[in-house]
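# Descriptive analysis of the structure
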Amino acid sequence: MSPAIFDEQIDRAIDSSAPSRKLRCMEVWGGHRAACESVATTGLDVWIHSSPADQASSASGEDVYFLSSCASGRISRLLLADASGHGSSVPRLAEDLRRQMRQNINHVRQERLISSVNRQFAGTAGDHGFASGLFATYFLPMRTLSVCVAGHPVPLIYRRSLKSWRFLENPDAGRCGERSVPLGVNPNSRYESCTTRVEQDDLVFCTTDALADALTASGQPIGIGGLRALLQSLGELPPQEIVPAVLETLEQWNSENFNRDRVTAMLLRINSRKIPLKDNLLAPFRLLGGFAGLWPDRPRKDQDV
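So, here's what we can say about the structure. (Residues numbered from 1 in each chain as written. Predicted model: local features only at pLDDT ≥ 70, side-chain atom pairs only at ≥ 80, totals over all residues. Heavy atoms only, no water.)

Of the regular secondary structure elements, the protein holds 7 helices and 15 strands. Taking as baseline every contact in the protein between residues at least 6 positions apart, the subset at least 24 positions apart corresponds to 73%. Summed over all atoms, the accessible surface of the protein reaches about 13,500 Å², with 51% contributed by carbon and sulfur. (Helix = DSSP H or I, 4+ residues; strand = E, 2+ residues; numbered from the N terminus. Contact = heavy atoms within 4.5 Å. Areas by Shrake-Rupley, 256 points an atom, 1.4 Å probe, with all protein chains shown as cover.)

A separate point is the pairing of strand 5 (residues 62-69). Regular strands place their side chains on alternate faces of the sheet. The buried fraction of strand 5 is high, at 8 of 8 residues. Of the two faces of strand 5, the one holding Glu62, Val64, Phe66 and Ser68 and the one holding Asp63, Tyr65, Leu67 and Ser69 are both buried throughout. For strand 2 (residues 28-31) and strand 5, the ladder comprises 4 bridges, and the chain directions are antiparallel. Bridging from a neighbouring strand, Gly30 pairs with Phe66 of strand 5. As paired elements, strand 5 and strand 6 (residues 75-83) share 8 bridges and run antiparallel to each other. Bridging across to strand 6, Leu67 finds its partner in Leu78. Here strand 5 folds back onto strand 6 in antiparallel fashion, the turn holding 5 residues, of which Gly73 has a positive phi close to 95°. (Buried < 20%, exposed > 50% of the residue type's maximum accessible area, 1.4 Å probe, protein only. Pairing = 2+ DSSP bridges.)

What the 6 strands build is an open sheet, ordered 2-5-6-7-8-13; its pairing is antiparallel. One side of each edge strand has no neighbouring strand; the edge strands of this open sheet are strand 2 and strand 13 (194-197). Within the sheet, the average angular offset between the axes of one strand and its neighbour, ignoring direction, is 10°. Against the sheet, helix 3 (residues 111-123) contacts strand 6, strand 7 (131-139) and strand 8 (144-150), and its axis sits at roughly 165° relative to strand 7. (Axes fitted to C-alpha atoms, helices over the stretch in contact; angles between N-to-C directions.)

In structure tokens:
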């Protein structure tokens, strides 16, 4: 489905650089529904565009996305997965992933979450199949971003000080996730996170395979390198306009780019917010509330995930 169906939402989204909603501490936001929204945590501003493929191609995969904020706001986490073989089980898959995000919401390290999600996909291969996945954790006190890529397109980072888009890399081991395998292929797979320091107003562009597999005007796959070049060619756009500009350009190049698979893209911006004293003081009580099952994002029975 073309992102044109989100024109009105996109217009509203680019009217202001300020995200439209602020995540509460201990909240997990997201799911598998179409979205064109801007969301903020204490450390990150996030713009997300997710549009479903047309009915004929829906069997190719289903995107699931989540964003969370810990009890004090120090830890912001992103999960983006492109699941194959989903069938009618996507709502249950999304709720399972939401539960795992909740269970790990206050852990700075994300390895336990990654292992748990990988085992889930491996254990339900006949149901969900496998998935490419992206995990990202921003720890505000140290200004570090830890990213794990599991058979997923490598994120691109815009260093404000350098004014250029680059592949997100591990300073000690090269490009992040270069040799990773999808989630669910092997329940014992070990996934490594690459951690890098970021600065205020740095940007990180994350996407599922649909954009990396998009075609140029000449019919050639753009690849993640082509996406990097496209982002660089956009110049100094306001962050809220970057994802719409990428989608519009790719649709102009080839009208079939958004008919074959679901399209999900996220842009993260490192913001300048500090942790309020109130959140520091209330963090222990929020932790107790989480243990008691009192999550601020728990949907009503009549709500979809």
